[in-house]
Amino acid sequence: MDKGVFSIAASFVEEFNDRVGQLSRLTNHPGSKGRFIELLLINLLKKYLPKKYDFSSGFYCSIIPELEETSQQIDIICYDHLNFPLFFNCNEMVAVSPRAVKGLIEVKSVMTSDSIKQLLKQANCEVAKQLPIDVKFNLLSVKSQITPELVCKEILDFYNKDDVPVVKGLGVIYSLDWEDIIVFTVSNNCYKMLILNNFNYSISTFVNILIKDLYGLDTYMSVANLIGPSLFIPKAEYVIRGENN
């Protein structure tokens, strides 16, 4: 990353890579790395992003009496802790109202086809319908057993079934060993999936898009220096659902 371009991302990526490098010298155990990166990401998001929202592992719980349902455990929930009370708070685990949720991140040590299916199941479960309309599900992994193209195929196959509506949108899917990153957009009444060349921006692109989705365009513009999908020419573009779907 060029010096002077988005100093917050530079600091974030430098600290992230240093800590992951330290762990790699101690262990190559995938499960340990996955859990470590989950905790590291929570700590860095708390450290560098505005205090308007908080980050933790946990659940969101139905607020409809007839639907006594709770989400699966989410690795990282971004939630509004200023305007909504917590249902439960115990060290590194919280339970929140769906209305408090701003964004969701799943962290995997290894991304597989099952990881994508699990993400889609979470995003389209019954309780997910209670989340605010702009909440997105994101996925970050240490390594991947599948390519970005195969990830896109899994998602297209899932949504091409006639009985599967798009309940909740996806945000970003990225593996640290990829050269590309997958982002999801809505334009011209179409829900689209883009594969972008991530160049040498590493996890900073993931964080930039996260900032835009969580805090809005003004915050993104003030810190991201326009680094993001708007500057990248898509390597591939897929329409998940069009105007008439």
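It should be emphasised that the depicted structure is a prediction, and the values quoted were computed from it without experimental measurement.

Re the nonpolar core
If you look at the biggest cluster of nonpolar residues, it comprises 75 residues, and the most contacted ones within it are Tyr60, Ile155 and Ile173. Top element by residues in this core is helix α5 (residues 203-215). It accounts for eight residues. The residues contacting Ile173, other than those within four sequence positions of it, are Met111, Ile116, Leu119, Leu139, Val151, Ile155, Trp178, Ile181, Ile182 and Phe184.

Brief notes about helix α4 (residues 148-159)
Its 12 residues place the ends of α4 17 Å apart at the C-alpha level, agreeing with the 16 Å of an ideal helix rising 1.5 Å per residue. Where the residues of α4 are buried, they touch β5 (101-111), α3 (113-123), β7 (170-175), β8 (180-187), β9 (190-197) and β10 (234-241).

Here we look at the sheet that holds β7
One key point about sheets: their strands pair by backbone hydrogen bonds, in either a parallel or an antiparallel sense. Within the open sheet, the 10 strands sit side by side as β3-β4-β1-β2-β5-β6-β7-β8-β9-β10. Their pairing is mixed. In this open sheet, the two strands that pair with only one neighbour each are β3 (88-90) and β10. Ignoring strand direction, the axes of neighbouring strands in this sheet form an average angle of 25°. When strand β1 (residues 54-60) meets strand β2 (residues 74-79), the two strands line up antiparallel, connected through four bridges. Residue pairing in the sheet places Ser56 in a bridge with Ile77 of β2. Running at roughly 10° to β10, α4 makes contact with β5, β7, β8, β9 and β10 of the sheet.

What to know about empty space enclosed by the protein
Overall, the coordinates contain one cavity of 30 Å³ or more when judged by the stated rule. Quantified by volume, the largest cavity comes out at close to 30 Å³. What lines the largest cavity is Lys102, Gly103, Asp134, Val135, Lys136, Asn138, Asp213 and Leu214. The residue makeup of the lining of the largest cavity, split by class, is two nonpolar, two polar and four charged.

Parameters at a glance
Residues numbered from 1 in each chain as written. Predicted model: local features only at pLDDT ≥ 70, side-chain atom pairs only at ≥ 80, totals over all residues. Heavy atoms only, no water. Core = buried A, V, L, I, M, F, W, Y, C linked by side-chain atoms within 4.5 Å. Buried < 20%, exposed > 50% of the residue type's maximum accessible area, 1.4 Å probe, protein only. Helix = DSSP H or I, 4+ residues; strand = E, 2+ residues; numbered from the N terminus. Contact = heavy atoms within 4.5 Å. Expected span 1.5 Å × (residues − 1). Pairing = 2+ DSSP bridges. Axes fitted to C-alpha atoms, helices over the stretch in contact; angles between N-to-C directions. 1 Å grid on protein atoms, 1.4 Å probe; cavity = no way out; pocket = protein on both sides within 12 Å on 5 of 7 lines; lining within 4 Å. Points joined across faces, edges and corners; volume = space filled by probe spheres on them. Nonpolar A, V, L, I, M, F, W, Y, C, P; charged D, E, K, R; others polar.

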